[in-house]
Amino acid sequence: MNATETRNSRGQGSCERSTMADDIERAPLSEPFSSLSPSTAPSSNTRHASSLPSDDKPPLSPTPSSAPPPSHSTDTPLHPSIPAPIRTLLSRPPLARIISFLRGAVPPERLPGPEGVYWPARYLGWIDRVENTVCRWTRPCRHPALMLVFWTGWIIGVAFLAKASWWDASTSLGDPTLTTCIASFWQRNDGCGLNGTSCGPFSSSDPYVFRCPASCAATSLSNQRPVGPLEVNSVPLLVGGGEDGKGVYRADSWICPSFVHAGGMSDRWGGCGSLRLVGEHTNYTSSTLNGFTSYPFPSAFPSSYVFDMDTSSFRCADLRWPTLGFNIAMSVIAAVVFRPGPLVFFWTLICLGFWHVTLASEPRDIPPPLEEAFKTFLPCLFVSYALYRIAFRFCLPFFTRVPLERALWYLAPMWIGLMLPEFGNSPLDRLYGDIPPRAIVALVIIILVIVVVVINQIRVMRKTGTVFLYLRWYFAFGLFVIMPLCLLPGLHFRLHHYILALLLLPLTAFPTRISAICQAFLLGLFLEGVARWDFDSILQTWGSLLRDAALGTDLPSFVGDGSLGNGTVLQWAGLPEGGSWDGFALIINDVLRYTGNATSFDLAGWSDAVPWFARLAYQQAGTSGDFTRAATVWLGNGTFMPPLPGPS
């Protein structure tokens, strides 16, 4: 009996295969894209030459007298100290060398799986004994009735946590309005209409009672936002608040981050509060408090608010972190103690990941829209089944008898993939327009990691003789699917992270630890993307990609050599000839003040004690293009400072 047989017999004595695992037929590793019918998978102990790709079949009748491979050069023989396989490879023409290298082992190897294989064995051999001990102690827990009770209790526990997190809050002023991290009373540019009337009322004696989620610090602007002369980006939008956070906030400040800044709640737990709209205010002062920084605005704005810190609240905490701890603990217990078979374990990961994102970590709205979630869940299950047939069934069953390793390699990477948004907005959210430096750094790091993993997977593919199989499938997919889609007019390719997971998961169809880690992380990315954003389109229009970024339209220009006309008149150049623009939109202090085709605006009667910040855009049929950056006007001495180049 060889070492492998001894190891397997020992493992089966203490960590037997589950009933579900016995039903899984392991298809040959050279055919991860074979028929999805289980009946086509051959025995796991036999690898026939007929199952190999035609390019990978060994010669039918090799003979010792076979002629050596032709040499491309006979001038300088290779040194005898070079190993024979390398001498044979180097003696061939360049193209033949590449093909021979990619073809790999002939005949292909069958990977043994991770069970009992540790390197260096001298120091890690104890892991096998620990795994066997765990299997022996937990065998009584694998009764189907106990497993059913455990999974039922798990589901009920998540339901209670979700209800307490989103639907049970109350305050001394009544039931709160559920508010997102980016909610405010004002819209950017001309979104509030002329003089901001669409965002009224500007003041109110009635309190606005709200409830905020946790982790609003992880939500930030995706594009630059003008705040007077400043261009704010990649941070939560807060304007004002005073030095102690008890002051006045501009109406376009995000409510929940502002409440944390003011000390009304913890960003870790969220909470409830109330505020009052107090109308126009001048000179908003900035500060850095409780992990948030507000920005100053040295002029007037028509709408503002202050927080009421005396409001009592009940059951307002966002329980996403306790839910995370509960789900992690239950998933570890399920994997180590109950040790479900590969299929049960796989579907547990799918349901756990999808509903954790939906109900706790990244709900699409507040409260979570359950109707939309169930609409997405069914197609998610279908795609997940395809992923199991394409990739997971070639790796996950090999970890059945090593429950500690399975819990480590599958649970930890999957949770990292699921929780990536909790660490902040992805710098790779959109790689166009003004790309921030951190996006370039993140892209380089991700590319390097992917290259290292792909090189390792190619090494494994060479062992199993599947390099050309993958090359054929990915080439066909790129040629007949991706390329035609990218050529459709008016649409642009967008690589969502769930699509990236779908593209890379087939490369993990091998029973190795690296494949298991990659499978779990990519599964987390897939579930987070689908649960949070649904199956978002792989092709999108330029407008949907830009969202609120600059459109790239023409910019008008102000007229002035450092002074205003007649001391109070703001002037700009006329419409370009032959263009489609038919008017202008003028914003002063981030409020739309004029639309029309005139080329001047009189500021007579406006305060001369503060500066005014003007931005201008062309309009077509009432729709504005890009606005300029802010020009600064001082009415006290009639001076005018033109804007910096570029859109705001």
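Higher on the page you've got the structure.
Residues numbered from 1 in each chain as written. Predicted model: local features only at pLDDT ≥ 70, side-chain atom pairs only at ≥ 80, totals over all residues. Heavy atoms only, no water.

Undergrad: Tell me about a nonpolar patch on the surface, and please be specific about residues and values.
TA: A cluster of nonpolar side chains, namely Phe475, Phe477, Leu479, Phe480, Val481, Met483 and Leu487, defines an oily patch on the protein surface of about 730 Å² accessible area. Along the chain, the position of Val481 falls in helix α14 (residues 467-486). Val481 gets classed as partly exposed once you look at its relative accessible area, which sits at 32%. (Patch = residues over 30% accessible without salt bridge, like charges linked within 9 Å, V, L, I, M, F, W, Y side chains within 5 Å. Areas by Shrake-Rupley, 256 points an atom, 1.4 Å probe, with all protein chains shown as cover. Salt bridge = Lys/Arg side-chain N within 4 Å of Asp/Glu carboxyl O. Helix = DSSP H or I, 4+ residues; strand = E, 2+ residues; numbered from the N terminus. Buried < 20%, exposed > 50% of the residue type's maximum accessible area, 1.4 Å probe, protein only.)

Undergrad: Account for unusual backbone geometry, with residues named and values stated.
TA: Residue Pro201 is reached from Gly200 by a cis peptide bond, and omega for that bond is 0 degrees. Its location among the elements puts Pro201 in the loop between β2 (177-178) and β3 (208-212). The phi angle at Asp534 is positive, at roughly 65 degrees, despite the residue not being glycine. Tracing the backbone through its elements, the reader meets Asp534 in the loop between α16 (513-533) and β15 (539-540). Residue classification places Asp534 among the partly exposed positions, given a relative accessible area of 25%. With phi around 65 degrees, Asp590 is a residue other than glycine that occupies positive phi space. Considering the arrangement of structural elements, one finds Asp590 in the loop between β18 (583-588) and β19 (591-596). With a relative accessible area of 6%, Asp590 lands in the buried category.

Undergrad: Could you give an account of the side chain of Ser515, naming the residues involved and the relevant values?
TA: The residue Ser515 is located in helix α16 in this model. Sequence-distant contacts of Ser515, defined by excluding residues within four places in its chain, comprise Cys395, Gln457, Thr508 and Phe510. (Contact = heavy atoms within 4.5 Å.)

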